[in-house]
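# Overview (structure and organization)
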Amino acid sequence: MTPPPQLPPSVRVLQLATASWMAAAVSAAAELGIADALGDGPRTSDEIAAAVGAHPPTLYRLLRAGTDVGLFEERDGKVFANTPVGEALRTDSPTSMRNFARWVGLTADRATWAGLADSVRTGSPAFERMHGQDVWDFMRDHTDVSGVFNDAMTEASRQLIAPVVDAFDFHDIGTLVDVAGGRGALLSAVLKANPKTRGVLYDQPEVVAEAAQTFARNGVADRVEIIGGDFFSSVPPAGDAYLLSNVLHDWDDESSLKILANCRAALGDGGRVLLVEAVMTDGARPNPTVSLMDLNMLVLCGGQQRTEAEFADLFDRAGLRLTRIVGAGLHSVVEAVRA
């Protein structure tokens, strides 16, 4: 077979530079709820426009672009249907990433990326420069944005849950403390798969206030204690393992060391710290998703994705020792014990 012709470098740069246009189109489709409107089957563009409250001829232009990037299928008579990828923009899909797509289309995220070059120059996050507050204060003061963000993070977490629960053996953990565990989706899945394990969910009080229904829905509420607090001050004591899922990538080394030091101080005998993180690879990087996640952490909050060596160094400075890394899809479980 003849290999496909390579694009001229200028055309490839054009594709890369305009990728944000494609992302904006996906975000707009998510915000409008187009995939939901197609949930019961194909509809004409005018019918979709009426359902989502959009200008019919302009919506057709968005549908056409969405078809070109694989979200929708266009049929005769300007009739559209979801593709399998488009189905993942449905609110009720088990693989839904609708709110994540909405989040990256909001000014809070999109405008932040405009400051990437300055972040590279200075090593500091762009969010505060672009919005006048750091990301955490901004989220506290803008509940409309933080609502979308929290839903987005819940969706993203849901996609990592099955690989982590399948890949890592939690069965011998008596009490698992999920630090900054949000609404408890990951902890619920671990407890459901390990009926002898008990759990503690620990996060900001306003976050854990919404968690009880998650545990009740999964039938594990009788094995969970929900505690509100600040992991920079302390974490609940005497856990057999402390789970931090996509937590340390939000923080620089100094802040991460404070969190790890509190976990180490709280560990029971023979306890472990378990980080769920996308681990950066040294040398060749076959998956650009993680390196782009790394830049996202930079511009948002000054955090970073880390390599195995960087995790080992961080643990060492916190009085811990890296013992193993268990792959779990895009993410891994990074395990450490007291040094």
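Here, every reference points to the structure presented above.
First, a word on what this report is: a plain description of the structure on this page. (Residues numbered from 1 in each chain as written. Predicted model: local features only at pLDDT ≥ 70, side-chain atom pairs only at ≥ 80, totals over all residues. Heavy atoms only, no water.)

Here the focus is the overall build of the chain. From N to C terminus, the chain includes 18 helices and ten strands. Its C-alpha radius of gyration of 22 Å places the chain within 12% of the 20 Å reference for a compact globule of 339 residues. Projected onto its principal axes, the C-alpha positions of the chain cover 70 × 50 × 45 Å. Look at the contacts in the chain between residues 6 or more apart in sequence, and 63% of them connect residues 24 or more apart. For the chain, the exposed area adds up to about 16,800 Å²; of that, 54% sits on carbon and sulfur atoms. Averaging the locations of the 29 positively and 44 negatively charged side chains of the chain gives two centres separated by 2 Å. (Helix = DSSP H or I, 4+ residues; strand = E, 2+ residues; numbered from the N terminus. Rg over C-alpha atoms; globule rule 2.2 N^0.38 Å. Contact = heavy atoms within 4.5 Å. Areas by Shrake-Rupley, 256 points an atom, 1.4 Å probe, with all protein chains shown as cover. Lys, Arg positive; Asp, Glu negative; His and termini not counted. Charge placed at Lys NZ, Arg CZ, Asp CG, Glu CD.)

Its 14 residues give helix 2 (residues 19–32) an end-to-end C-alpha distance of 20 Å, which sits within 8% of 20 Å, the value for a rise of 1.5 Å per residue. Those residues of helix 2 lying buried are A25, S27, A29 and A30. Lining the buried residues of helix 2 we find helix 3 (34–37), helix 5 (56–68), strand 2 (72–75), helix 7 (98–105) and helix 8 (107–113). Once helix 2 ends, the next one or two residues include G33, with phi positive near 80°. (Expected span 1.5 Å × (residues − 1). Buried < 20%, exposed > 50% of the residue type's maximum accessible area, 1.4 Å probe, protein only.)

This part is about the sheet that holds strand 2. Within a sheet, each strand pairs with its neighbour through backbone hydrogen bonds, oriented either parallel or antiparallel. Sheet architecture is open: three strands sit in the order 1-3-2, paired in antiparallel fashion. Where the open sheet ends on each side, the last strands, each with one partner, are strand 1 (43–44) and strand 2. Across four bridges, strand 2 lies against strand 3 (residues 79–82) in antiparallel orientation. Bridge assignment links F72 to a residue of strand 3, and that residue is N82. (Pairing = 2+ DSSP bridges.)

The next thing to look at is the environment of E31. Structurally, the position occupied by E31 is in helix 2. Sequence-distant contacts of E31, defined by excluding residues within four places in its chain, comprise R98 and R102.

To continue, consider the pattern of salt bridges. Per the stated rule, a full pass over the model turns up 16 salt bridges. D137 is the salt-bridge partner of R140, the closest N and O atoms lying 3.0 Å from each other. With R140 and D137 both in helix 11 (residues 135–141) and three residues apart, the pair spans about one turn of that helix. We classify D137 as partly exposed; its relative accessible area is 29%. Salt bridges here are not isolated pairs; linked through shared partners, they connect D172, R272, R324 and E335. (Salt bridge = Lys/Arg side-chain N within 4 Å of Asp/Glu carboxyl O.)

Burial within strand 4 (residues 175–179) is extensive, with four of its five residues counted as buried. When strand 4 meets strand 5 (residues 198–203), the two strands line up parallel, connected through five bridges. Each bridged residue has a counterpart across the sheet, and for L176 the counterpart in strand 5 is G199. Note that the unit made of strand 4, helix 13 (residues 185–193) and strand 5 has a crossover that is right-handed. As judged from the three bridges shared by strand 4 and strand 7 (residues 239–245), these two strands associate in the parallel manner. Residue V177 lies in a different strand from strand 7, and its bridge partner there is Y242. (Right-handed = clockwise from strand over helix to strand, strands pointing away.)

The next thing to look at is the nonpolar core. Counting residues in hydrophobic clusters, the biggest one holds 28 residues, and the most contacted among them are V179, L260, L275 and F315. Mapped by element, the contributors of at least two residues to this core are strand 4, strand 5, strand 7, helix 16 (253–266), strand 8 (267–277), helix 18 (308–317), strand 9 (320–328) and strand 10 (331–338). It is helix 16 that provides the largest number of residues to this core, a total of five residues. Within the second largest apolar cluster, 26 residues are counted, among which are I173, L191, L201 and V224. (Core = buried A, V, L, I, M, F, W, Y, C linked by side-chain atoms within 4.5 Å.)

Turning our attention to unusual backbone geometry. One non-glycine residue, A238, lies in the positive phi region at around 65°. With a phi close to 50°, N246 is a non-glycine residue in the positive phi region. When you line up the elements, N246 lands in the loop between strand 7 and helix 16.

Don't take any of this as a statement about function, it's just geometry.
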